[in-house]
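# Close look at the chain arrangement
Spelled out from the first residue to the last, the chains are:
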Amino acid sequence: INYNLYESNQKVGYLVDSFEASLNGVSLCSQYELIFTLRILSTLFRRGCTEIYSKFTEMYKKIPLHVWIFVLPQIIARANSKDKELRDLIAELIYHLGVEQPHVVLYRLMVPLKK
C-alpha cells in the first residue's frame, strides 16, 4: 500500500515505509523471503536515496545471511554503481557476508573474473 502511495504522490516517506516493511518481512517470514528480497534490491537499485540507504544499513544485519547469499550475484553486479553511497553500502554488505561465509563470497566474486 505504501509503495502505491509513493507511486501516486512521489513522497519519499511512503517509499521508506514500504522499504522498511519489506526488510521486516524478510526477517520475519521465511515463506516469502525471495519476494521480499527482490523487492528490497529493486528499491535499493532503482529508487535508492539517502533515507533508503540509512534504513538498509540500520536493518540488514537482522536478516538471515542465506537470504543475501542467494542474491549475491545481483548485488555484485551493482558493485560498480555510479552512486557512491550505494557502492559503499554494497561493499559493507559483501564484507559482512564475507566475514561469516568467506568461501561463498570469494567464489561469487571470482565468477565475473573467469574468461
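This report concerns the structure included in the present document. (Residues numbered from 1 in each chain as written. Predicted model: local features only at pLDDT ≥ 70, side-chain atom pairs only at ≥ 80, totals over all residues. Heavy atoms only, no water.)

## Section: the nonpolar core
Applicable threshold: The criterion is simple. A nonpolar core is a set of buried Ala, Val, Leu, Ile, Met, Phe, Trp, Tyr and Cys residues joined through side-chain atoms within 4.5 Å. Between buried and exposed lies partly exposed: a residue is buried under 20% and exposed over 50% of the maximum accessible area for its type, with that area taken using a 1.4 Å probe on protein chains only. Strands are runs of DSSP state E lasting at least 2 residues, helices are runs of H or I lasting at least 4, and numbering of each runs from the N terminus.
By size, the foremost hydrophobic cluster in this structure holds 32 residues, and its most contacted members are Ile 40, Leu 44, Phe 56, Trp 68 and Ile 75. Of all the secondary structure elements, the ones that give two or more residues to this core are α2 (12-28), α3 (33-47), α4 (50-59), α5 (65-70), α6 (72-77), α7 (84-100) and α8 (102-110). The biggest single contributor to this core is α7, with six residues.

## Some points on the side chain of Glu 33
Note the following rule: His is not counted, nor are the chain ends, whereas Lys and Arg count as positive and Asp and Glu as negative. Think of a salt bridge as a Lys or Arg side-chain nitrogen and an Asp or Glu carboxyl oxygen that are within 4 Å of each other. Only heavy atoms matter for contacts: two residues are in contact if any of them lie within 4.5 Å across the pair.
Within the element layout of this structure, Glu 33 appears in helix α3. The side chain of Glu 33 is buried and forms no salt bridge, while Arg 108, the nearest opposite charge, is found at 14 Å. Setting aside residues up to four positions removed in sequence, Glu 33 forms contacts with Val 26, His 66 and Val 67.

## Description of the packing of α7 against α8
This is how it is decided: Note on geometry: axes are C-alpha line fits, over the in-contact stretch for helices, and angles between N-to-C directions span 0 to 180 degrees. With respect to orientation, any angle under 35 degrees is reported as roughly parallel, any angle over 145 as roughly antiparallel, any angle of 65 to 115 as roughly perpendicular, and every other angle as oblique. Residue classes follow a fixed rule: Ala, Val, Leu, Ile, Met, Phe, Trp, Tyr, Cys and Pro count as nonpolar, while Asp, Glu, Lys and Arg count as charged, and any other residue, Gly among them, counts as polar.
Closest axis-to-axis distance for the α7/α8 pair is 5 Å, and the angle between their directions is 130°. In this view, α7 runs oblique relative to α8, as classed from their interaxial angle. Where α7 approaches α8, its residues Ile 94, Leu 97, Gly 98, Val 99 and Glu 100 are matched on the opposing element by Pro 102, Val 105 and Leu 109. Residues that form the contact of α7 with α8 fall into these classes: six nonpolar, one polar and one charged.

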